[in-house]
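Understanding the architecture of this molecule
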There are 2 protein chains.
Amino acid sequence: MPDNRRFLLVRRPNGEPVEEDFSLVTEPVPELADGQFLIRNHYASLDPAIRGWMDDAPSYMPPIPLGDPVRATTVGVVEASKAEGFVPGQWVLGLNGIEDYSVGVAGGFTQPIDADAVPSVTNYLSVLGAVGMTAYFGYIEVCEPRPGDVVLVTGAAGAVGSLVGQIAKIKGAGKVIGIAGGAEKCARLTGRYGFDAAIDYRGKDVRALTDAIRAEAPEGVDIIFENVGGDILDAGLMNLRHGARIGLCGLISEYNTLEKVGARNIWQLIVHRASIRGLLVADYIARFAEGGAEMAAWLQQGKLVADEHVDAGIENSFDAFMRLFAGSNQGKMILKIA
Amino acid sequence: MPDNRRFLLVRRPNGEPVEEDFSLVTEPVPELADGQFLIRNHYASLDPAIRGWMDDAPSYMPPIPLGDPVRATTVGVVEASKAEGFVPGQWVLGLNGIEDYSVGVAGGFTQPIDADAVPSVTNYLSVLGAVGMTAYFGYIEVCEPRPGDVVLVTGAAGAVGSLVGQIAKIKGAGKVIGIAGGAEKCARLTGRYGFDAAIDYRGKDVRALTDAIRAEAPEGVDIIFENVGGDILDAGLMNLRHGARIGLCGLISEYNTLEKVGARNIWQLIVHRASIRGLLVADYIARFAEGGAEMAAWLQQGKLVADEHVDAGIENSFDAFMRLFAGSNQGKMILKIA
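About the cut-offs
- Residues numbered from 1 in each chain as written.
- Chains lettered and ligands numbered in written order.
- Predicted model: local features only at pLDDT ≥ 70, side-chain atom pairs only at ≥ 80, totals over all residues.
- Heavy atoms only, no water.
- Helix = DSSP H or I, 4+ residues; strand = E, 2+ residues; numbered from the N terminus.
- Rg over C-alpha atoms; globule rule 2.2 N^0.38 Å.
- Contact = heavy atoms within 4.5 Å.
- Areas by Shrake-Rupley, 256 points an atom, 1.4 Å probe, with all protein chains shown as cover.
- Lys, Arg positive; Asp, Glu negative; His and termini not counted.
- Charge placed at Lys NZ, Arg CZ, Asp CG, Glu CD.
- Domains from an automatic or database assignment.
- Buried area = accessible area lost by both parts, 1.4 Å probe.
- Buried < 20%, exposed > 50% of the residue type's maximum accessible area, 1.4 Å probe, protein only.
- Pairing = 2+ DSSP bridges.
- Axes fitted to C-alpha atoms, helices over the stretch in contact; angles between N-to-C directions.
- Phe/Tyr/Trp six-rings, centres within 6.5 Å; stacked < 30°, edge-to-face > 60°.
- Lys NZ or Arg CZ within 6 Å of the ring centre and 35° of its normal.
- Core = buried A, V, L, I, M, F, W, Y, C linked by side-chain atoms within 4.5 Å.
- Salt bridge = Lys/Arg side-chain N within 4 Å of Asp/Glu carboxyl O.
- Polar contact = N/O pair within 3.5 Å; in protein donor to acceptor, adjacent residues only side chain to side chain.
- Parallel < 35°, antiparallel > 145°, perpendicular 65-115°, else oblique.
- Nonpolar A, V, L, I, M, F, W, Y, C, P; charged D, E, K, R; others polar.
- Least-squares fit on C-alpha atoms with pLDDT ≥ 70 in both.

What follows deals with the overall build of chain A. Within chain A one finds 9 helices and 15 strands. The C-alpha radius of gyration of chain A comes to 20 Å, within 12% of the 20 Å expected for a compact globule of 338 residues. Principal axes of the C-alpha set define a box for chain A whose edges measure 65 × 45 × 35 Å. Within chain A, contacts between residues at least 6 apart in sequence are counted, and of these 66% link residues at least 24 apart. Accessible area of chain A: about 13400 Å², with a carbon and sulfur share of 51%. Between the mean site of the 30 positive side-chain charges and the mean site of the 42 negative ones, chain A shows a separation of 6 Å.

In structure tokens, the structure reads:
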């Protein structure tokens, strides 16, 4: 049997992760017990949420135990099996780890997927995976869109944000404004993803951001799909329309900070009788097939562009993960392992 | 005609209001034009929201113009009238100013009230006024209560908070926890207002507050009725149950601060798929009769205790208003003018 390279969490990051928090080790491939199957991981999904699982704090999922591989959704192929329903050669999707080989359990979270039904099997980690479903259900269910809404998407060039902007247009938004970092990303928002307007947050403080949003949405915004937090959320809060809905998907600006900023301008929620609602894709697992079908149709009809940024090599796990916070990825961040 | 003493806003407060921001002047009683009537103000409602109207900032109501009397809801008696439907001797309720005499306009916001239908005409400024309707509709409509809910009320000994706790019990809450400042207020919560538990916030930082709430609600809280903000809201956010609703009524801890703190722990909204929704009583004006009828019935049945704290004398306007922020009032703060 070949070796199993595993990217372990060996120390809890204090603020921004550093390389010493992790260790790439080589171990023997584990033996299978009855009911188990061996997965050769091909691709791992790198998501900001993983940063939260590295902390020893109460959350929607237990922390990654120290000494365990970094938890990630992967797609791979069944290599060997002592479990009914899983046969060698079959593609599977599951919440496993950044490692060459993971052990799956029948009845667990790993499920067979149809690799032939999609342009690339990586689509199961992006547009048809948690990222795509977060955009779909987060926008449609949590933001309660109405035709003609003015929609603000933050982190708009990211994997979730770029999909949200496109879904908003498909679903009848009046105007979709995206906030992203840098001229290149902003050009991508309006050029590639069909946003009506893009705001570059770089070099802008809360006041300048507030003014920039107001210039694009003089009457205020009906929906904010929030991925970032900090100054960007505070500026959004200063531009609410009556009854605005803020879907809180992420706060990437503070995942690596020790002091939480949160939302300083929540008094504006009172002024405009607006709301902030937290969203997590796990709530919609039972409806993934429904969301996946609609997203796949849009993809085939050319209505949806879903970019993926694939870095190769498990030895590059740390650098690839840190791209998420530097914003140097262009599309859904995926690590090619096999 | 007698003189008209008026408590004017002459300078916008910079943070905490000081006496020099106001001026008590004596002017002639104004002449009436056709369609107008003269109100002899007897009582003025002193509310935290008035502080917001003193700032020159976008809000749900225009700022109080400098040189105008401080805006307040008052009850008074029609003294003279050139307006149809308003006759001398009639009691009226309206958004006027802290002054002996205000001029009302037919078709404006001042309406006749039935002084004989209530134990005290001041009830129109407390339990049957904006304060009572804020508690009633804010809890029932914005917090979406369900039987058995664990409810946390902040600013619980205040005019709104003390009513919310009682309404929650009447409407079937499983446990109602109040947060207030000092042992005396806490004793009032459990003794007089029927809260199940009281937490004294004095001397407690966010961590200690978080632990104190957890001790009373080990499974978390379903509803927070938030009047305070700051550390108290942050501690509440650390104790949410899945799907918790936070009704954001006020943020009295930061009305006099220049730097807004807001809500630092909103990441917990994602963890628990919880929401914060701003509420303003003005949205429910059309339903005041409905809310007033139910509140009046509870009062008569002895199910509801509604305390009022009346300070006398327009010359004491500043000190009486500042009680709201010192928390030295016991019940709805009312200024007796006549």
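Residue and element names in this part refer to chain A. Taken as a whole, chain A is organised into domain 1 (3-126 + 307-336) and domain 2 (130-282). Centre-to-centre, using C-alpha coordinates, domain 1 lies 29 Å away from domain 2. Counting residues at the interface gives 19 residues for domain 1 and 14 residues for domain 2. Counting each side, the surface lost to burial between domain 1 and domain 2 is near 1400 Å², with a carbon and sulfur contribution of 49%.

This paragraph deals with helix α9 (residues 317-326) of chain B. All names here are of chain B. Of all the residues in α9, the buried ones are Ser317, Phe318, Ala320, Phe321, Met322 and Leu324. Looking at the buried positions of α9, the neighbouring elements they touch are β1 (3-9), β2 (22-28), α1 (49-53), β14 (308-312) and β15 (332-336). Positive phi shows up at Gly327, right after α9, with a value of about 75 degrees.

Taken in spatial order, the 12 strands make up an open sheet running β10(A)-β9(A)-β8(A)-β11(A)-β12(A)-β13(A)-β13(B)-β12(B)-β11(B)-β8(B)-β9(B)-β10(B), and their pairing is mixed. Across the chains shown, the open sheet's two edge strands, defined by having one partner strand only, are β10 (197-200) of chain A together with β10 (197-200) of chain B. When strand polarity is set aside, the average angle formed by the axes of neighbouring strands in this sheet is 15 degrees. As paired elements, strand β8 (residues 150-154) of chain A and strand β9 (residues 175-180) of chain A share 5 bridges and run parallel to each other. Residue pairing for β9(A): A:Val150 is matched across the bridge by A:Lys175. In this fold helix α5 (residues 206-216) of chain A packs onto β8, β9, β10 and β11 (221-226) of chain A, with an angle of close to 170 degrees to the strand it touches most, β10(A).

Attention shifts here to the packing of aromatic side chains. Residues and elements named next belong to chain A. Applying the stated criterion across every chain, the model contains 14 aromatic pairs over all chains. Ring centres of Phe321 and Phe325 lie 5.4 Å apart, and the angle between their planes is 75 degrees; on these two criteria the pair is classed as edge-to-face. One end of the pair is Phe321 and the other is Phe325, both in helix α9 (residues 317-326) and 4 residues apart, which spans about a single turn. A relative accessible area of 22% places Phe325 in the partly exposed class. Among the aromatic residues, those joined into a cluster by ring pairs are Tyr136, Phe137, Tyr284 and Trp298. The lysine or arginine in question, Arg71, covers the ring of Trp53, its NZ or CZ lying 5.3 Å from the ring centre.

A few words on the nonpolar core. Counting 58 residues, the largest nonpolar core has A:Leu240, A:Ile266, A:Leu269, B:Leu240, B:Ile266 and B:Leu269 as its most contacted members. When sequence neighbours within four positions are dropped, the list of residues in contact with B:Leu269 reads A:Leu248, A:Ile276, A:Gly278, B:Leu237, B:Leu240, B:Ile246, B:Ala274, B:Ser275 and B:Ile276.

Interfaces are often sized by the amount of accessible area the parts lose when they come together. Between chain A and chain B, the contact holds 31 residues from the first and 31 residues from the second. Note on chain A versus chain B: buried area summed over both sides is about 2600 Å², and carbon and sulfur give 64% of it. Broken down residue by residue, the surface that chain A buries against chain B is led by A:Ile266, A:Ile270 and A:Arg273, which jointly contribute 24%. Taken together, chain A and chain B are joined by 2 salt bridges. Residue B:Asp283 is joined to A:Arg273 by a salt bridge in which the shortest nitrogen-to-oxygen separation is 2.7 Å. Joining chain A to chain B, the criterion identifies 6 residue pairs in polar contact (both at pLDDT 80 or more). Secondary structure elements with two or more residues in the side of chain A that touches chain B: β12 (240-248), α7 (267-272) and β13 (275-278) of chain A. Looking at the side of chain A that touches chain B, the element that brings in the most residues is α7(A), giving 5 residues.

On to the packing of helix α2 (residues 130-142) of chain A against helix α8 (residues 288-300) of chain A. Residue and element names in this part refer to chain A. Running from N to C, α2 and α8 point in directions that differ by 95 degrees, and their axes come no closer than 10 Å. Classified by the interaxial angle, the pair formed by α2 and α8 is roughly perpendicular. In this structure, α2 contributes Gly132, Met133, Tyr136 and Phe137 to the contact, and α8 contributes Phe288, Gly291, Gly292, Glu294, Met295 and Trp298. Split into classes, the residues belonging to the contact of α2 with α8 amount to 6 nonpolar, 3 polar and 1 charged.

The next subject is the relation of the copies chain A and chain B. In the superposition of chain A on chain B (RMSD 0.0 Å, axial shift 0.0 Å), the rotation amounts to 180 degrees. Taken together, these values place the two copies in the relation of a two-fold axis. Both copies share a contact surface, since 100% of the interface residues of chain A are interface residues in chain B too.

Now for the side chain of A:Asn41. Residue and element names in this part refer to chain A. If you trace the backbone, Asn41 turns up in strand β3 (residues 36-45). Overall, the relative accessible area of 0% leaves Asn41 in the buried class. Polar side-chain contacts of Asn41 include one of 2.7 Å to the side chain of Thr74. Only 2.9 Å separates the side chain of Asn41 from the backbone oxygen of Glu99, close enough to count as a polar contact. Excluding residues within four positions of it along the chain, Asn41 makes contact with Thr74, Val75, Gly76, Gly97, Glu99, Asp100, Tyr101, Ser102, Ile337 and Ala338.

Residue and element names in this part refer to chain A. Judged by how many residues are buried, β3 sits mostly within the fold: 8 of 10 residues are covered. Pairing geometry for β3 and strand β6 (residues 101-105), over 5 bridges, is antiparallel. Opposite Arg40, over in β6, you have Tyr101 as the bridge partner. Taken together, the 3 bridges between β3 and strand β15 (residues 332-336) define a ladder with antiparallel strand orientation. Its bridge partner lying in β15, Ser45 is registered against Ile334.

This part covers the pattern of salt bridges. Residue and element names in this part refer to chain A. The final tally for this structure, using the stated rule, is 40 salt bridges over all chains. Linking Asp149 and Arg245 is a salt bridge whose minimum nitrogen-to-oxygen distance equals 3.0 Å. Residue Asp149 is located in the loop between α2 and β8, and its partner Arg245 is located in strand β12; the two are separated by 96 residues in the primary sequence. With respect to class, Asp149 is no different from Arg245; both count as buried. A salt bridge links Glu294 to Lys171; the shortest N-O distance between them is 3.6 Å. With Glu294 in helix α8 and Lys171 in the loop between α3 (159-170) and β9, this pair connects stretches of sequence that are 123 residues apart.

In this section: the environment of B:Glu99. Residue and element names in this part refer to chain B. Mapped onto the elements, Glu99 comes out in the loop between β5 (91-97) and β6 (101-105). Residue classification places Glu99 among the buried residues on the basis of a relative accessible area of 6%. For Glu99 and Thr26, which are 73 residues apart along the polypeptide, the C-alpha to C-alpha distance reads 9.4 Å. In terms of polar contacts, Glu99 uses its side chain to reach the side chain of Arg6, at 2.7 Å.

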